[in-house]
Amino acid sequence: MPQLPVEPAKAVSEILSRYHGDPARMIEILQDLQEIYRYLPKEVIEEVSHQTEIPINRIYHIATFYKAFHLEPRGETIITVCTGTACHVRGSFRTLDLLSERLGVKPNETSGDLKYTLETVGCVGACALGPIVIINGKYYGHMTPDRMDRVLKRMGIIEKYS
Amino acid sequence: MVKITIDGKKISAKEGETVLKAAQRAGIFIPTLCNNDAVKPYSACRMCLVEVAKNGRTKLVTSCDYPVEEGIEVNTNTERIQRDRKVILELLIARTGETPELKKLAEKVGVKEVRFKVRNFDDCILCGLCVRVCDEVVGAHAIGFRGRGMEREVVPPFDVENEQCLACGACAEICPVNIIDIFEHDGTRELPKWHKKSRLVACRVCGKYFATEEEIEMIRAKTGLPDEILYVCPDCREHNFTI
Ligand code: SF4
Ligand code: FES
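Let me sum up the structure you'll find in this document. Note that the coordinates shown come from a computational prediction; the quantities given were computed from them, not determined experimentally.

It is worth spelling out the overall build of chain B at this point. On a plain count of helices and strands, chain B comes out with eight helices and 11 strands. Classification of the 243 residues of chain B by burial places 45% in the buried group. Taking the intrachain contacts of chain B between residues at least 6 apart in sequence as the baseline, contacts between residues at least 24 apart amount to 49%. A total of about 13300 Å² of accessible surface is found on chain B, and carbon and sulfur atoms cover 48% of it.

Now the structure itself:
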């Protein structure tokens, strides 16, 4: 278990004060916390329950219901490949295969050193630009394995792995 | 008093009660799975569908959480309801396989064959009764839902043993399909589904195991009763046996 960068008690009380401790804002509270830790560690969820007095089973229910929340550690670099219909028929799976090989992680998994998370998503709503790959929030359109390799090289990812 | 009609029968219902309650008091059968008087309605299983006619319009509602209203006409067994009910139950059976409880209900509502592929990937029907009894009655909040859609399931938070669970067994008692196992052996009580193992406490008078350590501690915290009462089982207490 990696050491948490910010002490949960401190992070939680700070974020709760942003919402005046209003538990009805649970989703925003969890979103903000996830921004700090990149996922929702167990200790953090326990701390939210402790400080809001909302039972932990409720918070766990919310955190597992929405796909936007992650309960497992995520990599520093998050690479998302759209596998929605439009991207799929244009061959996004080839780029996904390449990424999986280059990074050494299976789709929807994180590398052991917590450097990379490779994930797929149903549709990002930019079908005209497909296949789409998103790297840490930056969108790359018309992606092919060749172009992907060049992007990885530019980012300094590929030397290490090939 | 509110006047309503159920299946042609005139009934006076209590203000604020549900259609299901009114029907049950009048001896009219409506199938249910997720309803239990111990907890609030949840309308998860949809077995209790009825037709409610109001101002010349008819709609399908779940009777377990539909409050009575003056003048409504309720039908509990029209062709449409029978058809919908069967589909709902068939879908549940496709999910869980034909368990004894669902089989019994299937006979009652007239399901002759299950038209869907029986996948039997989970035996829980997600009625939420165990979660609600733990939240609302026991107050332990030890289990809850996780995920959604096909992946939805009931687990203790993080799917690990927790301290909130008292191993009281209320969840096992209330589960309508009887899938929460409880085992007692060598002075322990185990609920494998929640990864819970508790030590049992023996009555200081008769020596019989009668509660878990967690239950005793919960009652102590709530009532502040002394050990002489806490560690005597209800039977012995009734007969005024003391330590
Ligand atoms: S375990 Fe039983 S009581 Fe709990 S949700 Fe599943 S079917 Fe309902
Ligand atoms: S009993 Fe009404 S929806 Fe389950």
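We now examine the interface of chain A and chain B. Many analyses report the size of an interface as the accessible area lost when the parts associate. Listed as interface residues are 12 residues of chain A and, on the opposing side, 18 residues of chain B. The contact between chain A and chain B buries some 1200 Å² in all, and 63% of this surface belongs to carbon and sulfur atoms. Joining chain A to chain B, the criterion identifies zero salt bridges. Taken together, chain A and chain B are joined by five residue pairs in polar contact (both at pLDDT 80 or more). Counting only elements with at least two residues in the side of chain A that touches chain B, the list comes to α3 (42-52) and α4 (56-65) of chain A. By residue number, the principal contributor to the side of chain A that touches chain B is α4(A), which donates six residues. Taken together, the residues of the side of chain A that touches chain B sort by class into seven nonpolar, three polar and two charged.

This brings us to the site of ligand 1. Near ligand 1, the surroundings consist of B:C124, B:I125, B:L126, B:C127, B:G128, B:C130, B:V154, B:C175, B:P176, B:V177, B:I179 and B:I180. When its residues are assigned to classes, the shell around ligand 1 shows 11 nonpolar, one polar and no charged.

On to the environment of A:P131. Mapping A:P131 onto the fold places it in the loop between β3 (116-121) and β4 (133-135). By relative accessible area, which is 6% here, A:P131 ends up buried.

The rules behind the values
- Residues numbered from 1 in each chain as written.
- Chains lettered and ligands numbered in written order.
- Predicted model: local features only at pLDDT ≥ 70, side-chain atom pairs only at ≥ 80, totals over all residues.
- Heavy atoms only, no water.
- Helix = DSSP H or I, 4+ residues; strand = E, 2+ residues; numbered from the N terminus.
- Buried < 20%, exposed > 50% of the residue type's maximum accessible area, 1.4 Å probe, protein only.
- Contact = heavy atoms within 4.5 Å.
- Areas by Shrake-Rupley, 256 points an atom, 1.4 Å probe, with all protein chains shown as cover.
- Buried area = accessible area lost by both parts, 1.4 Å probe.
- Salt bridge = Lys/Arg side-chain N within 4 Å of Asp/Glu carboxyl O.
- Polar contact = N/O pair within 3.5 Å; in protein donor to acceptor, adjacent residues only side chain to side chain.
- Nonpolar A, V, L, I, M, F, W, Y, C, P; charged D, E, K, R; others polar.
- Near = heavy atom within 4 Å.

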